[in-house]
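Architecture at a glance
Residue strings, one per chain:
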4 protein chains.
Amino acid sequence: MKDKIVLAYSGGLDTSVIIPWLKDNYDCEVIAVVVNVGQKEDFKSVEEKAYLIGASKFYAIDKTEEFVEEYVFPTLKMGGVYENKYLLGTAMARPVITKALVEIAQKEKAKYIAHGATGKGNDQVRFELGVKALDPTIEIIAPWRIWDIKSREEEIAYLEEKGITLPFPKKSPYSRDENIFHISHEGFDLELPENEPNYDNILQWTNTVENAPDKGEYIKLEFIKGIPVKLNDETLSGSEIISKLNKIGGLHGIGILDMVENRLVGMKSRGVYETPGGTILFYAHEELERLCLDKDTAHMKQLLSQEFSKLIYNGKWFTTLRKSLSAFGDITQEYVTGEVKIKLYKGNMILAGCKSPYSLHSESFSTFEGDNVYNQKDAEGFINLFGLPLKIESLLKRPVKLHE
Amino acid sequence: MKDKIVLAYSGGLDTSVIIPWLKDNYDCEVIAVVVNVGQKEDFKSVEEKAYLIGASKFYAIDKTEEFVEEYVFPTLKMGGVYENKYLLGTAMARPVITKALVEIAQKEKAKYIAHGATGKGNDQVRFELGVKALDPTIEIIAPWRIWDIKSREEEIAYLEEKGITLPFPKKSPYSRDENIFHISHEGFDLELPENEPNYDNILQWTNTVENAPDKGEYIKLEFIKGIPVKLNDETLSGSEIISKLNKIGGLHGIGILDMVENRLVGMKSRGVYETPGGTILFYAHEELERLCLDKDTAHMKQLLSQEFSKLIYNGKWFTTLRKSLSAFGDITQEYVTGEVKIKLYKGNMILAGCKSPYSLHSESFSTFEGDNVYNQKDAEGFINLFGLPLKIESLLKRPVKLHE
Amino acid sequence: MKDKIVLAYSGGLDTSVIIPWLKDNYDCEVIAVVVNVGQKEDFKSVEEKAYLIGASKFYAIDKTEEFVEEYVFPTLKMGGVYENKYLLGTAMARPVITKALVEIAQKEKAKYIAHGATGKGNDQVRFELGVKALDPTIEIIAPWRIWDIKSREEEIAYLEEKGITLPFPKKSPYSRDENIFHISHEGFDLELPENEPNYDNILQWTNTVENAPDKGEYIKLEFIKGIPVKLNDETLSGSEIISKLNKIGGLHGIGILDMVENRLVGMKSRGVYETPGGTILFYAHEELERLCLDKDTAHMKQLLSQEFSKLIYNGKWFTTLRKSLSAFGDITQEYVTGEVKIKLYKGNMILAGCKSPYSLHSESFSTFEGDNVYNQKDAEGFINLFGLPLKIESLLKRPVKLHE
Amino acid sequence: MKDKIVLAYSGGLDTSVIIPWLKDNYDCEVIAVVVNVGQKEDFKSVEEKAYLIGASKFYAIDKTEEFVEEYVFPTLKMGGVYENKYLLGTAMARPVITKALVEIAQKEKAKYIAHGATGKGNDQVRFELGVKALDPTIEIIAPWRIWDIKSREEEIAYLEEKGITLPFPKKSPYSRDENIFHISHEGFDLELPENEPNYDNILQWTNTVENAPDKGEYIKLEFIKGIPVKLNDETLSGSEIISKLNKIGGLHGIGILDMVENRLVGMKSRGVYETPGGTILFYAHEELERLCLDKDTAHMKQLLSQEFSKLIYNGKWFTTLRKSLSAFGDITQEYVTGEVKIKLYKGNMILAGCKSPYSLHSESFSTFEGDNVYNQKDAEGFINLFGLPLKIESLLKRPVKLHE
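Residues numbered from 1 in each chain as written. Chains lettered and ligands numbered in written order. Predicted model: local features only at pLDDT ≥ 70, side-chain atom pairs only at ≥ 80, totals over all residues. Heavy atoms only, no water.

A closer look at the interface of chain B and chain D
Facing 24 residues of chain B, the contacting portion of chain D comprises 24 residues. With both sides pooled, the region where chain B packs onto chain D buries about 2000 Å², and carbon together with sulfur makes up 72% of that total. Between chain B and chain D we count two salt bridges in total. The partner of aspartate 296 of chain B in a salt bridge is lysine 316 of chain D, with the nearest N and O atoms 2.6 Å apart. Where chain B packs against chain D, one counts four residue pairs in polar contact (both at pLDDT 80 or more). At the level of elements, α12 (295-313), α13 (320-332) and α16 (388-397) of chain B are the ones that each hand at least two residues to the side of chain B that touches chain D. Sorting elements by how many residues they give to the side of chain B that touches chain D places α13 of chain B first, with nine residues. Classifying every residue of the side of chain B that touches chain D by side-chain character gives 14 nonpolar, five polar and five charged. (Contact = heavy atoms within 4.5 Å. Buried area = accessible area lost by both parts, 1.4 Å probe. Salt bridge = Lys/Arg side-chain N within 4 Å of Asp/Glu carboxyl O. Polar contact = N/O pair within 3.5 Å; in protein donor to acceptor, adjacent residues only side chain to side chain. Helix = DSSP H or I, 4+ residues; strand = E, 2+ residues; numbered from the N terminus. Nonpolar A, V, L, I, M, F, W, Y, C, P; charged D, E, K, R; others polar.)

And the structure:
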């Protein structure tokens with residue numbers, strides 16, 4: 001019996017060419033697996049293509065809801081934002097895709113998992129670390145690090161050599177990754193950071209800020225323990241909330257990012273991201289936390305959210321550290337319950353009020369009016385002890401000349 | 001000879017009422033000092049008022065440029081942003097004001113410094129820690145923590161009792177603090193976080209996003225070693241750059257914040273901040289750093305910027321830790337030199353290209369094209385060792401059932 | 001009915017004098033509560049004394065096992081050590097004592113809790129923060145911050161004035177705190193950090209290193225999920241393990257600390273601590289973790305252990321942040337299971353072997369011998385990508401003169 | 001003209017065999033460089049050996065003092081200790097060695113640098129990152145990752161094949177690295193963490209604790225701005241202080257470590273380290289800092305010392321981040337001046353008094369006696385505000401049943 005290779009298949013040219021190449025080089029059968037994490041795709045035609053090109057079997061696995069509930073929301077709860085900007089749309093999707101691949105590989109008793117990520121990016125690391133963590137006995141094949149194919153033209157030539165002449169749509173000049181949470185764009189004129197992005201050509205989900213409506217729109221989001229549960233008073237599943245927010249946010253030009261980021265593999269790269277719904281969610285969640293988290297917890301969480309984001313970016317979802325940080329995060333979210341109103345208008349998210357039954361902001365505590373909780377007379381003692389180290393240091397070290 | 005008290009004087013009702021109160025309670029003469037950090041104020045009329053109310057002497061000290069160069073720019077270099085949002089406009093100004101007060105107190109051989117901050121806010125701490133650090137022999141008087149005056153009406157009554165009937169302009173319902181960097185608004189309907197801010201009533205410097213022009217505007221900022229030196233190709237002083245950016249940014253509705261923050265003294269408070277120029281500066285600086293800082297430095301600096309912001313917020317400018325963190329920051333800025341283009345449009349700052357002679361992003365490194373610096377074949381070894389701990393842990397701990 | 005005050009009572013002079021003072025000043029009845037956390041004390045005679053002096057009721061509550069299981073072991077799991085030295089013996093005990101006081105206050109419907117901590121130390125903060133967190137409706141009385149009594153002589157005089165002439169044993173010149181985990185010593189000649197401690201006078205539990213036996217002794221500790229469960233193959237309760245380790249460790253001069261620490265209230269203080277059993281436990285646990293924790297987790301935990309220790313030191317046991325950090329810690333301990341052998345000899349703990357079924361150190365991985373897990377050829381790729389940022393920075397920034 | 005290769009040469013078998021191998025494989029001449037960082041070595045006989053085996057040129061460069069002053073002391077100032085235990089003796093030496101190699105390579109216009117580190121350790125990374133940072137145009141050759149030689153026997157056979165029959169002393173079963181700061185031991189029976197180290201066979205510099213004298217010895221160390229300048233009242237150079245401390249410390253059994261550490265390349269390894277002088281220095285410095293650093297600075301430095309240690313361990317000496325952290329550290333050391341007395345006795349360092357003209361511990365501040373600096377009455381206000389968040393959270397969230 002031939003060895004089996006499970007291939008992370010997308011239906012595009014880059015992963016299609018892998019099928020015959022694997023069969024040529026490994027004396028194996030290739031099981032093409034497309035994991036649905038919300039990308040817009042005609043999975044039926046992907047299946048047909050897979051078989052035509054030589055796959056022995058095809059799976060389309062829907063992991064959209066799992067992606068949202070078990071990867072996006074835990075990241076939301078920890079406030080994971082890479083380098084203070086990138087919402088990790090691709091990075092969060094890789095582990096759920098990898099998990100699906102490993103499940104099928106185990107079911108099919110496949111010896112290998114193959115992926116179509118290049119040797120310069122983060123995704124190869126994310127796929128492979130996932131496999132190592134979930135089943136280290138499965139071997140990994142990364143054709144783009146092995147073969148000599150270097151361009152679209154060479155890919156087509158390779159397929160034609162194998163007698164395969166499928167119509168692959170003229171690829172965009174941008175390299176893209178799409179799922180329910182975001183769509184990213186890299187390459188072409190974006191490669192030079194000094195180039196202003198040509199948003200009219202780039203954007204797929206979102207209006208440019210200029211093209212967004214002249215009239216703003218209010219939305220209301222409700223969270224329970226850090227998880228969004230209602231949009232505009234309607235109870236929705238996680239993926240429904242994101243989908244609806246994508247539409248509304250996209251209309252109003254929300255969530256377009258242009259950034260130079262530090263890849264794991266030692267280089268900087270520049271990308272444009274559209275994350276309309278996610279941007280709104282992360283913003284609303286952060287504002288609600290301002291009401292509900294005490295200062296110590298909020299400040300520590302802000303530090304740990306950076307560490308969390310680096311783990312996710314670097315493909316370390318299935319690690320003890322990620323789980324430990326999530327356990328930390330879960331406790332912090334105990335009282336992050338309440339609602340946030342936001343006005344969306346031409347790229348702006350304008351906070352329009354926030355409330356929570358567990359708000360630690362109490363009007364009476366912070367105003368001038370006398371109350372039983374805060375006694376202004378306490379401030380003197382507080383300042384004296386809080387500032388005591390400065391005073392001691394100054395007294396001991398400074399040659400004070402005054403009043404002599 | 002009577003004791004002297006140096007009073008941080010603003011010309012407003014809250015600090016005016018302190019003058020007779022001090023004279024009543026301390027058998028002293030009161031030296032009124034107004035420190036100019038860029039607030040819009042008629043210092044001549046403030047002087048007249050001070051003398052009318054009973055000050056024995058008056059100083060108006062211009063610290064605007066010092067404020068910008070020695071407080072704002074070091075904070076910019078460290079990326080200090082409190083709780084991921086507040087640009088520290090008031091917090092950065094307090095130490096330079098305190099320094100001016102101490103200088104005059106030492107020159108005048110004054111025994112006391114008095115300030116008009118209330119017993120519920122952060123500013124009392126910032127003033128007093130500054131005095132303790134700069135000259136611990138000077139005693140501090142904080143009338144608002146001592147007396148029983150509780151309202152504007154009682155203040156006016158107190159003055160009238162002393163025979164003083166000056167026309168104090170009807171105060172806004174909001175409590176404000178202004179300097180060249182920002183203007184803050186607290187109180188009144190903002191006290192309830194669930195209230196949407198009534199921006200038409202609140203904003204002083206900035207158009208609402210809706211009222212901003214329908215046509216965007218490009219600006220170009222140039223930095224040398226982390227310090228802004230040119231705006232639109234014109235070499236300007238620090239305060240000139242901020243003033244110009246305030247005007248342009250204010251026009252386009254940039255830099256309006258609405259936030260609930262954790263005060264040092266244990267409560268949450270809500271404020272609206274306008275920081276048009278500062279918001280642009282911090283944004284541009286951060287984007288330039290994405291090009292110029294290596295990943296390790298960038299990530300560590302992101303962590304330390306939080307610690308830095310907490311120090312500044314908490315009034316610890318004149319401390320060893322603040323100086324040590326600034327020394328860290330200065331080295332990181334060695335190559336943060338270059339230019340950033342931004343399109344301002346209805347509240348949005350849209351990055352329109354960034355370049356630096358020290359950019360660590362090199363087009364050739366990150367593209368598909370073969371090069372001598374990045375070898376895709378290295379990725380396999382990298383991933384294998386980077387992922388080795390996951391693999392070992394998985395091998396050792398997991399009962400792997402597969403392939404048996 | 002008179003108000004009730006629950007007093008944290010020790011039986012010593014300092015808390016005894018509080019009883020008549022409270023009755024004099026508050027028109028109340030005083031309920032004396034002594035909480036047993038393992039200090040050596042004749043609780044019967046403490047009870048007699050309490051009633052003689054005027055207490056209306058007396059409780060002796062044994063919290064020793066709860067102290068160990070719910071305060072010491074969670075701190076052990078998080079590796080909480082304050083300022084890299086102090087094992088938090090007093091700090092961990094304060095919350096469990098406070099919890100007992102609040103429980104009785106609630107049961108007795110007492111209006112106040114009173115404690116005998118001075119106004120210069122950490123303990124006042126720990127007691128009062130605990131009360132605020134557990135029941136903010138209970139008011140706190142801290143006589144030592146209120147009255148004018150300043151010395152032992154004045155205390156005795158005050159009691160005599162009230163007609164109370166009890167024999168209080170001549171107090172040691174050192175101020176001490178004792179529980180099952182440690183005994184601390186402060187004051188007297190220790191106040192000057194330049195004085196060498198006179199250990200022969202100070203030590204209560206531990207031999208000086210010089211007096212320890214000339215022959216070492218091996219012990220074996222076994223942990224399950226970070227918790228010690230067996231000593232020398234005998235299954236014991238937490239308090240039994242600590243008690244036995246105290247004896248063995250004390251014999252061999254283990255766990256004597258002399259340190260200057262930063263108090264919460266702004267001063268430095270110097271103390272000597274004896275923690276024989278705890279020192280062994282923390283050491284053994286850390287060594288086991290070296291085998292069982294992966295690097296990422298270990299390094300992050302090392303950072304968080306500092307934050308944890310500061311929380312505990314500062315009296316913030318009953319906070320969301322403490323609970324969140326413990327949740328983090330609990331996940332990390334999942335596989336911290338195994339045994340540690342240590343030779344105790346004249347103050348030294350000499351590691352004598354460590355093993356775990358979950359050890360991530362595998363002999364075959366780290367030796368020269370070829371294996372399937374580590375491939376030396378991977379190292380080149382790893383180094384090239386790991387060092388790529390340095391190379392890029394060097395190429396771009398340095399004027400390289402060589403080879404031209 | 002042939003290409004030149006600069007080889008990091010030790011005189012041992014492992015680097016000797018590289019000389020003919022390089023000449024065989026690269027058509028080059030080999031320049032053997034031994035860098036003296038304080039290892040005990042007969043450099044004359046190393047030179048003879050190098051020429052006999054086929055080196056075209058030989059350099060012995062003394063970098064001992066530079067190593068101490070520019071690598072060890074900056075690490076001391078930052079308190080860099082890897083994984084809370086390892087004093088980085090090898091890791092600190094690699095960059096100074098690499099710098100010497102690069103200097104000679106540049107002077108000799110060599111195309112390559114070769115080293116004898118294996119493919120499983122940290123040193124390959126440290127050497128190669130140093131070269132990349134200092135001169136990225138120089139290529140690196142790591143024979144141990146390339147060839148098939150696997151054992152001492154194969155090395156000797158290879159040399160004999162080339163007609164070289166030099167007497168290499170029977171190697172110890174342990175793999176060792178020695179410089180002025182430490183000597184490390186790995187391999188053989190240490191490979192199993194459950195084995196107790198056979199210290200009588202292992203130790204080279206240090207008495208076992210049991211064999212140390214029965215009488216202790218006092219030493220006094222004096223520091224200026226964090227740098228040790230005097231030992232027992234004698235002004236000495238850095239290397240003299242370390243050498244003398246090695247002798248005294250070695251006599252008393254100080255500084256023997258046995259640890260399992262996390263290597264950079266993904267594995268755990270176990271080693272025994274002897275660092276008698278360094279252990280005393282780091283201890284004394286830390287104790288002096290307890291007197292001289294304020295709490296905020298001390299706590300932040302404790303966090304950053306971990307990051308610093310990781311950088312050094314991972315070979316990132318010549319990076320912006322390392323320099324930035326050192327700049328931080330330098331400011332913190334401004335007042336770390338004073339003297340520390342320690343009694344050395346059978347493996348123990350017993351603090352015997354510490355003083356500094358800049359001590360922030362003042363007897364009068366921390367005692368019961370009334371003073372002008374600390375006012376016990378301030379404590380109530382401090383605690384009330386410090387504990388306010390706990391009280392608010394408790395009031396708002398807890399259903400308080402009491403007193404109703």
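Considering the pattern of salt bridges
All chains considered together, the criterion is met by 119 salt bridges over all chains. Measuring nitrogen to oxygen at the nearest pair gives 3.0 Å for the salt bridge that ties lysine 4 of chain A to glutamate 108 of chain A. In this pair, lysine 4 of chain A is assigned in strand β1 (residues 3-8) and glutamate 108 of chain A in helix α5 (residues 89-108), connecting sequence segments 104 residues apart. Judged by relative accessible area, which is 14%, lysine 4 of chain A ranks as buried. In this structure glutamate 108 of chain A comes out as buried when scored by relative accessible area, which is 7%. Where lysine 99 of chain B meets glutamate 66 of chain B, a salt bridge forms, and the shortest distance between an N and an O atom there is 2.9 Å. Remark: glutamate 66 of chain B occurs in helix α4 (residues 64-78) and lysine 99 of chain B occurs in helix α5 (residues 89-108); sequence separation between them is 33 residues. (Buried < 20%, exposed > 50% of the residue type's maximum accessible area, 1.4 Å probe, protein only.)

Here we look at the relation of the copies chain A and chain B
For the pair of chain copies, the relating operation is a rotation around an axis with a shift along it. For the pair chain A and chain B, the superposition axis carries a translation of 0.0 Å, the fit reaches an RMSD of 0.0 Å, and the rotation angle comes to 180°. The operation mapping one copy onto its partner corresponds to a two-fold rotation axis. The residues that chain A uses at the interface reappear at the interface of chain B in 98% of cases, marking a shared surface. (Least-squares fit on C-alpha atoms with pLDDT ≥ 70 in both.)

Concerning the relation of the copies chain B and chain D
Expressed as a screw transformation, the operator carrying chain B onto chain D has a rotation angle of 180° and an axial translation of 0.0 Å, and the superposed copies differ by an RMSD of 0.0 Å. Both copies contact each other with a shared surface, as 100% of the interface residues of chain B are interface residues in chain D too.

Some points on the packing of aromatic side chains
Residue and element names in this part refer to chain B. By the definition in use, this model includes 58 aromatic pairs over all chains. Ring plane angle 5° and centroid distance 3.7 Å describe the contact between tyrosine 82 and tyrosine 313, whose orientation is recorded as stacked. Highlighted residues: tyrosine 82 in the loop between α4 and α5 and tyrosine 313 in helix α12, separated in sequence by 231 residues. On the accessibility criterion, tyrosine 313 (0% relative accessible area) is buried. (Phe/Tyr/Trp six-rings, centres within 6.5 Å; stacked < 30°, edge-to-face > 60°.)

Section: the UniProt feature "binding site: L-citrulline" (unreviewed entry) in chain A
Residues and elements named next belong to chain A. In the numbering adopted here, UniProt assigns the feature "binding site: L-citrulline" (unreviewed entry) to Tyr86, Asn122, Arg126, Ser175, Ser184, Glu261 and Tyr273. Of note, serine 175 is situated in strand β6 (residues 175-178). Given the relative accessible area of 37%, serine 175 is considered partly exposed. Every residue in contact with serine 175, bar those within four places of it in the chain, is listed here: Ser184, His185 and Glu186. By the secondary structure assignment, glutamate 261 is in strand β11 (residues 256-262). Residues contacting glutamate 261, with those up to four places away along its chain left out, are Tyr82, Glu83, Tyr86, Asn122, Met267, Lys268, Ser269, Tyr273 and Tyr313. (UniProt positions renumbered as here; feature names shortened; annotations may be inferred.)

Some words on the interface of chain A and chain B
Listed as interface residues are 108 residues of chain A and, on the opposing side, 106 residues of chain B. For the pair chain A and chain B, the summed buried area comes to about 9900 Å², and 55% of that belongs to carbon and sulfur atoms. By the criterion of area lost to chain B, the three top residues of chain A are Lys120, Lys268 and Arg290 of chain A, representing 8% of everything that side buries. Counting across the chain A and chain B interface gives four salt bridges. Linking chain A to chain B there are 39 residue pairs in polar contact (both at pLDDT 80 or more). Examining the composition of the side of chain A that touches chain B, we find that eight residues originate from one element, helix α12 (residues 295-313) of chain A, more than from any other. Residues that form the side of chain A that touches chain B fall into these classes: 44 nonpolar, 27 polar and 37 charged.

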